[in-house]
Amino acid sequence: MRQGVMAASAVVLLLALSSSSPSQTIADNHRESLVAPVQTASQVSTATAAPGQHALSPEEMGDLFMARKDYREAAQMYKRLSDENPTNAVYLNKLGIALHQQSALGLALKYYERAFKVDPQYADAENNVGTIWYQRKRFGRAIKAYQKAIQLRDDMPVLYSNLGYAYFGDKRYDDSIAAFRSALKIDPEFFERGGSRSGSVLQDRTVEERGRFYYLLAKSFMQSGDQERCLLYLRKAMEDGYAVLAEAKRDAVLVGILKDPMVVEELTPKVAEK
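So, here's what we can say about the structure. (Residues numbered from 1 in each chain as written. Predicted model: local features only at pLDDT ≥ 70, side-chain atom pairs only at ≥ 80, totals over all residues. Heavy atoms only, no water.)

## A few points about the pattern of salt bridges
Taken as a whole, this structure holds 14 salt bridges when the rule is applied. Notably, a salt bridge pairs Glu-209 with Lys-171, separated by 3.2 Å at the nearest N-O pair. You can see Glu-209 sitting in the loop between α11 (190-193) and α12 (210-223) and its partner Lys-171 sitting in the loop between α9 (157-169) and α10 (173-186), a full 38 residues away along the chain. Overall, Glu-209 belongs to the partly exposed group, its relative accessible area being 39%. On the basis of relative accessible area, Lys-171 is assigned to the exposed category, the value being 55%. Several salt bridges converge on common partners, so that one network encompasses Glu-59, Asp-63 and Lys-94. (Salt bridge = Lys/Arg side-chain N within 4 Å of Asp/Glu carboxyl O. Helix = DSSP H or I, 4+ residues; strand = E, 2+ residues; numbered from the N terminus. Buried < 20%, exposed > 50% of the residue type's maximum accessible area, 1.4 Å probe, protein only.)

Structure follows, in structure tokens:
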């Protein structure tokens, strides 16, 4: 199984080019200023390896930097590895994640796409391509990338979750519910667990209209037969200002849950006491 480190959103800068034209000087100097000095392999491995333990490999050092959120140092380490191993999709994907964590979305996309070109079966990298388009609010392109990743790996709930978020962003709410249901079918506790199987797959949970999002997630749980979590997310939707009770009364999926007077009372907005 390919290993990596989980990331969300953010930007880096690659090592400076060996030569630059005058028009590149300012941009390259800015990139250099954003890259912290990195210790050599022997310095880091000696500093982090306990007595009697083996020295860390360059990849392990990169992973350690990621775990410490030293993303610039991690990017330099993975850049070195990917330069030395240009057909290693895992190194290219990890470099993309280290860049992504510093919001260098264009550079991250470049390495995700390169990783997928090197290994067209690498669903992790294609998923990460989708996260770039999702963050750019190019939901149609994100959907296509997630669908392609799912064609390669249909056993990863994070891929269906990401697809659900992209559908939600594109206001395709029924498709969003279906994707979330697929994620829950694989792992009923996925949204509480909140993680992917490894750090090589990114997951973005930023949404607008959060109340509506919680409501749709509640419907997904109801359709999956989990009434307890359905109520949990209905409460979250109500707390976010969504008109849960009014919507549920018109919703064939949720109207049945309103037969319980205690549920109705719980979902009825409380009038603040004067």
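Alright, that's what it looks like, and here's the rest.
## Observations concerning the nonpolar core
Judged by nonpolar contacts, the single largest core of 80 residues is most densely connected at Tyr-134, Phe-191, Phe-213, Tyr-215 and Leu-234. Setting aside its immediate chain neighbours within four residues, Phe-213 contacts Tyr-165, Phe-168, Phe-180 and Val-207. (Core = buried A, V, L, I, M, F, W, Y, C linked by side-chain atoms within 4.5 Å. Contact = heavy atoms within 4.5 Å.)

## Section: the environment of Leu-267
Within the fold, Leu-267 resides in helix α15 (residues 261-267). Along the primary structure Leu-267 and Leu-234 are separated by 33 residues, whereas in three dimensions their C-alpha atoms are 7.7 Å apart. Not counting residues within four places of it along the chain, the set of residues in contact with Leu-267 comprises Leu-234, Arg-235, Met-238, Val-244, Leu-245 and Leu-258.

## What about the side chain of Arg-229?
Inspection of the secondary structure assignment puts Arg-229 in helix α13 (residues 227-239). Dropping the residues within four chain positions of it, Arg-229 is found in contact with Pro-188, Glu-189, Glu-192 and Phe-221.

## Concerning unusual backbone geometry
Its identity is not glycine, yet Lys-69 carries a phi of approximately 65°, on the positive side. Inspection of the secondary structure assignment puts Lys-69 in the loop between α3 (58-67) and α4 (71-84). Positioned with a positive phi, Ser-103 is a non-glycine residue whose angle comes to about 70°. Position of Ser-103 among the secondary structure elements: in the loop between α5 (89-100) and α6 (105-118). The exposure class assigned to Ser-103 is partly exposed, which follows from its relative accessible area of 41%.

## Let's talk about the packing of α3 against α5
Remark: α3 packs on α5, axes separated minimally by 12 Å, with the N-to-C direction vectors making an angle of 25°. The angle between α3 and α5 falls in the class roughly parallel. In this structure, α3 crosses over α5, and the sense of that crossing is left-handed. On α5, the residues touching Glu-59, Asp-63 and Met-66 of α3 are Val-90, Tyr-91, Lys-94, Ile-97 and Ala-98. (Axes fitted to C-alpha atoms, helices over the stretch in contact; angles between N-to-C directions. Parallel < 35°, antiparallel > 145°, perpendicular 65-115°, else oblique. Left-handed = near helix turned anticlockwise from the far one by under 90°.)

## Observations concerning a positive patch on the surface
Taken together, the side chains of Arg-136, Arg-138, Arg-141 and Lys-144 define a basic patch exposed on the protein surface. Within the fold, Lys-144 resides in helix α8 (residues 139-152). Using a relative accessible area of 60% as the deciding quantity, one classes Lys-144 as exposed. (Patch = residues over 30% accessible without salt bridge, like charges linked within 9 Å, V, L, I, M, F, W, Y side chains within 5 Å. Areas by Shrake-Rupley, 256 points an atom, 1.4 Å probe, with all protein chains shown as cover. Lys, Arg positive; Asp, Glu negative; His and termini not counted. Charge placed at Lys NZ, Arg CZ, Asp CG, Glu CD.)

## What to know about α4
Counted at 1.5 Å a residue, the expected span for α4 with its 14 residues is 20 Å, and the 20 Å between its end C-alpha atoms agrees. Counting buried positions along α4 gives ten out of 14 residues, so the element sits mostly inside the fold. Taken together, the buried residues of α4 touch α3, α5 and α6. (Expected span 1.5 Å × (residues − 1).)

## Topic: α13
For α13, with 13 residues, the first-to-last C-alpha span of 18 Å sits near the 18 Å given by 1.5 Å per residue. By the burial criterion, the buried members of α13 are Arg-229, Cys-230, Leu-231, Tyr-233, Leu-234 and Ala-237. Here the buried face of α13 lies against α11, α12, α14 (244-249) and α15. Of the residues flanking the end of α13, it is Gly-241, one or two places downstream, whose phi is positive at about 95°.

## A few points about the packing of aromatic side chains
Applying the stated rule across the entire model yields 13 aromatic pairs. Aromatic pair Tyr-134 and Phe-139: ring centres 5.6 Å apart, planes at 65°, arrangement edge-to-face. Of the two residues examined, Tyr-134 and Phe-139, each falls in the buried class. An angle of 85° between the planes, with centres 5.6 Å apart, marks the rings of Phe-180 and Phe-213 as edge-to-face. In this pair, Phe-180 sits in helix α10 while Phe-213 sits in helix α12, placing the two residues 33 residues apart along the sequence. Neither residue differs from the other here; Phe-180 and Phe-213 are each classed as buried. Counting every residue linked through ring pairs, the aromatic cluster contains Tyr-165, Phe-168, Tyr-173, Phe-180, Phe-190, Phe-191, Phe-213, Tyr-214, Phe-221 and Tyr-233. The ring of Trp-133 carries Arg-141 above its face, with NZ or CZ at 4.0 Å from the centroid. One cation-aromatic arrangement involves Lys-236 over Tyr-214; the distance from NZ or CZ to the ring centre is 5.8 Å. (Phe/Tyr/Trp six-rings, centres within 6.5 Å; stacked < 30°, edge-to-face > 60°. Lys NZ or Arg CZ within 6 Å of the ring centre and 35° of its normal.)

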